Amino acid sequence: MDAAASGDPVGSEVIAGAGPVTRPGERATVRLRETDPEEPPRYAPEWLQLRESADAAARAHDLLDPLRIRLANLPGKAGGIVVHDLGCGTGSMGRWLAPRLDGAQHWILHDRDPYLLHFAAVASPRAAADGSRVTVETRRGDVARLTPDALIGASLVTASALLDVLTREEVDTLAEACTGAGCPALLTLSVAGRVDLSPALPLDAEIAEAFNAHQRRGGLLGPDAITTACEAFADRGATVKVHPSPWRLGPAEKALTEQWLRGWVGAAVEERPGLAERAEAYLAERLAANAAGELRVVLHHSDLLALARPTGGTS
């Protein structure tokens, strides 16, 4: 993830798509780690809505054509495709992708927060690029122990801002499940560990370095996620394509830039408390420039498309 997305004081753990174990009567969902059932939601819907337009503008369109070609040649596609969206949040991936793909689609939205699931379902698109029907179901639960069996019938797995908050073991689990099911994966907006700010300030690099260290806490991959995921999928025979997907923030994105700045600097200070005094002045200067419309930010991400070898005899 890119900053303290919840709006809570920096230091509260933020993990995309994690949630409680399935309760009696709830449908099984894919899980990538165990969590406390009473743990509060980690993503504020206000943050997810604030970043949606920047996410949509950043996602790599160049990955869509190879994805469309693979989906068009999947075995058993006649009845439409089935998409599992892991850690769906408010459903922004579906709103971006479903209208860009042809044919009937059934989206299975996974998240731990019932409010976000409700929002995602209500706000989901109803038509594909060619006017075909798009349907949705929701599954509440953690995004661990993902197995190919969990993806039986899946045509595609998607996730946004997820890889960088996983461990190496969890990325291996995800890659094993997708390749075992012969299912392509489109995994977008993983942080790349680089931020370009204009005008530049002397403390930029030190804040960025501390933030990247914060992203790696507890064995999470942070900016190493894309490299690790590429290796995990390639080692399992998938063809992997990566494309940059940077946020480009300027005067039109002041609200998003402000929230991102607060989270970015706050995480850096939590990681290196010795930065606190200098970071306070730095943040004030950056916020003033943002309010005046003078700040430009390029926050680098990467999108990954992993094309697993299809199962069912189709190449």
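Note: the structure precedes this text.
Model, not experiment: these values are computed from the prediction. (Residues numbered from 1 in each chain as written. Predicted model: local features only at pLDDT ≥ 70, side-chain atom pairs only at ≥ 80, totals over all residues. Heavy atoms only, no water.)

Enquirer: How should I be thinking about unusual backbone geometry in this particular structure?
Expert: With the exception of glycine, the majority of residues adopt a negative phi angle, and the majority of peptide bonds are in the trans configuration. The amide bond that connects S198 to the next residue, P199, takes the cis arrangement and shows omega of 0°. For P199, the location among the structural elements is in the loop between β5 (185-198) and α6 (204-215). Not every positive phi belongs to a glycine, and A161 is a case in point at roughly 55°. Considering the arrangement of structural elements, one finds A161 in the loop between β4 (156-160) and α5 (168-180). One non-glycine residue, L189, adopts positive backbone phi at about 60°. By secondary structure assignment, the location of L189 is in strand β5. Under the relative-accessibility criterion, L189 is labelled buried at 0%. (Helix = DSSP H or I, 4+ residues; strand = E, 2+ residues; numbered from the N terminus. Buried < 20%, exposed > 50% of the residue type's maximum accessible area, 1.4 Å probe, protein only.)

Enquirer: What is the right way to read the pattern of salt bridges from this model?
Expert: Pairing between side chains of opposite charge can happen when the charged atoms of each approach one another. Counted under the stated rule, the structure contains 13 salt bridges. Among the ionic pairs, R216 bridges to D224, the shortest N-O distance being 2.8 Å. Judged by relative accessible area, R216 falls into the partly exposed class, the value being 36%. Given a relative accessible area of 31%, D224 falls into the partly exposed group. Put simply, D172, E176 and R236 are held in one network by salt bridges that share partners. (Salt bridge = Lys/Arg side-chain N within 4 Å of Asp/Glu carboxyl O.)

Enquirer: Can you walk me through the packing of helix α1 (residues 45-58) against helix α8 (residues 254-271) in this structure?
Expert: How two helices pack is summed up by the angle between their axes together with the distance between the axes. α8 packs onto α1 with a crossing angle of 120° between their chain directions and a minimal axis gap of 10 Å. It follows that α1 is oblique to α8 by the angle criterion. In this structure, α1 crosses over α8, and the sense of that crossing is left-handed. Along its contact with α1, which presents W47, L50, R51 and A54, the element α8 presents A255, L256, Q259 and W260. Per-class residue counts for the contact of α1 with α8 are 6 nonpolar, 1 polar and 1 charged. (Axes fitted to C-alpha atoms, helices over the stretch in contact; angles between N-to-C directions. Parallel < 35°, antiparallel > 145°, perpendicular 65-115°, else oblique. Left-handed = near helix turned anticlockwise from the far one by under 90°. Contact = heavy atoms within 4.5 Å. Nonpolar A, V, L, I, M, F, W, Y, C, P; charged D, E, K, R; others polar.)

Enquirer: What's the story with the packing of α8 against helix α9 (residues 276-291) in this structure? I'm lost.
Expert: Contact geometry of α8 with α9 gives a least axis separation of 10 Å together with a crossing angle of 170°. Considered as vectors, α8 and α9 are oriented roughly antiparallel to each other. Every residue of α9 that contacts α8 at K254, T257, E258, L261, R262, W264, V265 and V269 is listed here: A276, A279, Y282, L283, R286, L287, N290 and A291. Split by residue class, the contact of α8 with α9 holds 10 nonpolar, 2 polar and 4 charged.

Enquirer: For this particular structure, what's the right way to read the side chain of H214?
Expert: If you trace the backbone, H214 turns up in helix α6. By relative accessible area, which is 16% here, H214 ends up buried. Those residues in contact with H214, other than ones at most four positions away along the chain, are A267, E270 and E271.

Enquirer: Mind showing me how you'd approach the environment of A128 here?
Expert: Here A128 shows up in the loop between α4 (114-122) and β3 (134-140). Taking the relative accessible area as the measure of exposure, A128 reaches 7% and is therefore buried. Note: C-alpha distance between A128 and L101 (27 residues apart in sequence) is 5.9 Å. Not counting residues up to four positions away in its chain, the partners in contact with A128 are A98, P99, L101, D102, G103, Q105 and V134.

Any functional reading would require information that these geometric values do not contain.
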